[in-house]
Amino acid sequence: MTEITSLFATRLYHAKLSEHGAPVDPAELENSCLVIADDDEAGQDWCEEHGYPGYTSYASLSDLPWRFPIFKDLVAVLDAHVAAFAKDLAFDLGDKKLQLEDIWINILPEGGIHTGHIHPHSVISGTTYVAMPDGASAIKFEDPRLAMMMAAPTRMKDARDELRTFFYAKPEVGDVLLWESWLRHEVPMNMSEEERISVSFNYTWG
Ligand SMILES: [Fe+2]
């Protein structure tokens, strides 16, 4: 009897934000992101100094949930999603919890990209999508074993998702994606004239 199993899984969580907790109004969230970005001169300066395309609040605003009620509501919803994902991952959390470490806004203009990266010092990372105009890019995930595949052939174009070396997720507004923080990812170029807006976050175990 032949048996082929999958081992050492990389899980990707994709859900509607509204599947847990109190609804977060997408229009209000989008407006809040734009207003915060517009007011955050320190953040704008940081982006300019670091050649960052568009805007991120990552370096300038570390307390969005305390300053803005809609972010507090969003975090309550995200906590429930992260708890559901931790259950799927069979994490033994003991008497500690996964808790929010950082949450930040990303506004990616036409032509903007975010090159490949991981999120150090975290356990679960994720993004919720606030504005995804037509032509806004997906998020691309990379097989963490890529460096070990020196002589391996590439995969068939129609390979199952779990066998692909790269996977492009195409989230819609109101969706949330979660993954383990070691999983390398990037945002390919935004080909839309309109801004791609997302809110990203890290959870730690503590
Ligand atoms: Fe990221």
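This structure is a prediction, so every number in the text was calculated from the model and none was measured.

**Brief notes about the overall build of the protein**
Then step 1. When its secondary structure is counted, the protein shows 4 helices and 10 strands.
Then step 2. Shown N-terminal to C-terminal, the secondary structure of the protein runs as helices and strands in the order β-α-α-β-α-α-β-β-β-β-β-β-β-β.
Then step 3. Since a compact globule built from 206 residues should have a radius of gyration of about 17 Å, the 18 Å found for the protein is in line with a globular shape.
Then step 4. With the C-alpha coordinates of the protein rotated into their principal frame, the extents come out at 65 × 45 × 25 Å.
Then step 5. Of the roughly 12300 Å² of accessible surface on the protein, 53% is carried by carbon and sulfur atoms.

**Quick look at the coordination of the iron ion**
Then step 1. Taken together, the protein donors to the iron ion comprise His 117 (NE2), His 119 (NE2) and His 185 (NE2), at separations of 2.0 to 2.1 Å.
Then step 2. Summarised as a motif, the one-chain spacing of the donors to the iron ion is H-x1-H-x65-H.
Then step 3. Overall, His 117 belongs to the partly exposed group, its relative accessible area being 28%.

**Observations concerning the sheet that holds strand β7 (residues 166-169)**
Then step 1. Strand order across the open sheet formed by 4 strands is β4-β9-β6-β7, with antiparallel pairing between neighbours. Both outer strands of the open sheet, β4 (114-117) and β7, are each paired with one neighbouring strand and no more. Between one strand and the next, the sheet's axes are offset by a mean angle of 15°, whatever the strand orientation.
Then step 2. Across 2 bridges, the pairing between strand β6 (residues 139-142) and strand β9 (residues 185-187) is antiparallel.

**Some remarks on the environment of Tyr 58**
Then step 1. Tracing the backbone through its elements, the reader meets Tyr 58 in the loop between β2 (55-56) and α3 (64-67).
Then step 2. For the pair formed by Tyr 58 and Cys 47, sequence separation is 11 residues and the distance between their alpha carbons is 9.7 Å.
Then step 3. Not counting the four nearest positions on each side in its chain, Tyr 58 is found in contact with Asp 102 and Trp 104.

**Quick look at the nonpolar core**
Then step 1. Membership of the largest hydrophobic core comes to 35 residues, with the highest contact counts inside it found for Phe 71, Leu 74, Ile 103 and Ile 105.
Then step 2. Of all the elements in the fold, those that place two or more residues in this core are β1 (12-16), α1 (26-39), α4 (69-88), β3 (98-108), β5 (124-131), β8 (175-180) and β10 (196-205).
Then step 3. For this core, the leading source of residues is α4, giving 9 residues.
Then step 4. When residues no more than four places from it in sequence are discounted, the contact partners of Phe 71 are Leu 29, Ser 32, Cys 33, Ile 36, Leu 64, Pro 65, Ile 103, Ile 105 and Val 199.
Then step 5. Core analysis: the next-biggest nonpolar cluster, separate from the first, contains 8 residues, Tyr 129, Met 132, Ala 169 and Trp 179 among them.

**Concerning a negative patch on the surface**
Then step 1. A contiguous patch of negative charge on the surface is contributed by Asp 38, Asp 39, Glu 41, Asp 45, Glu 48 and Glu 49.
Then step 2. Among the secondary structure elements, those contributing two or more residues to the negative patch are α1 and α2 (41-49).

**Regarding the environment of Val 24**
Then step 1. Position of Val 24 relative to the elements: it lies in the loop between β1 and α1.
Then step 2. Measuring from C-alpha to C-alpha, the distance between Val 24 and Ile 70 comes to 7.4 Å, with 46 residues separating the pair along the chain.
Then step 3. Apart from residues no more than four positions distant in its own chain, Val 24 is found in contact with Leu 29, Ile 70, Asp 73, Leu 74 and Val 77.

**Here we look at the packing of aromatic side chains**
Then step 1. Using the criterion set out here, one finds 6 aromatic pairs in the structure.
Then step 2. On the numbers, 5.5 Å between centres and 55° between planes, the contact of Tyr 13 with Phe 85 is tilted. You can see Tyr 13 sitting in strand β1 and its partner Phe 85 sitting in helix α4, a full 72 residues away along the chain. Across the pair, exposure class does not vary: Tyr 13 and Phe 85 are buried alike.
Then step 3. Plain terms: the ring middles of Phe 141 and Trp 179 are 5.0 Å apart, the flat faces sit at 70° to each other, and that makes the pair edge-to-face. One end of the pair, Phe 141, is in strand β6; the other, Trp 179, is in strand β8, with 38 residues separating them in the sequence.
Then step 4. By relative accessible area, which is 5% here, Phe 141 ends up buried.
Then step 5. With a relative accessible area of 0%, Trp 179 lands in the buried category.
Then step 6. In this arrangement the basic side chain of Lys 96 is found over the ring face of Trp 205, its NZ or CZ atom lying 4.0 Å from the centre.

Definitions and limits used
- Residues numbered from 1 in each chain as written.
- Predicted model: local features only at pLDDT ≥ 70, side-chain atom pairs only at ≥ 80, totals over all residues.
- Heavy atoms only, no water.
- Helix = DSSP H or I, 4+ residues; strand = E, 2+ residues; numbered from the N terminus.
- Rg over C-alpha atoms; globule rule 2.2 N^0.38 Å.
- Areas by Shrake-Rupley, 256 points an atom, 1.4 Å probe, with all protein chains shown as cover.
- Donors = N, O, S within 2.8 Å, 3.2 Å for Na, K, Ca; no water.
- Buried < 20%, exposed > 50% of the residue type's maximum accessible area, 1.4 Å probe, protein only.
- Pairing = 2+ DSSP bridges.
- Axes fitted to C-alpha atoms, helices over the stretch in contact; angles between N-to-C directions.
- Contact = heavy atoms within 4.5 Å.
- Core = buried A, V, L, I, M, F, W, Y, C linked by side-chain atoms within 4.5 Å.
- Patch = residues over 30% accessible without salt bridge, like charges linked within 9 Å, V, L, I, M, F, W, Y side chains within 5 Å.
- Salt bridge = Lys/Arg side-chain N within 4 Å of Asp/Glu carboxyl O.
- Lys, Arg positive; Asp, Glu negative; His and termini not counted.
- Charge placed at Lys NZ, Arg CZ, Asp CG, Glu CD.
- Phe/Tyr/Trp six-rings, centres within 6.5 Å; stacked < 30°, edge-to-face > 60°.
- Lys NZ or Arg CZ within 6 Å of the ring centre and 35° of its normal.

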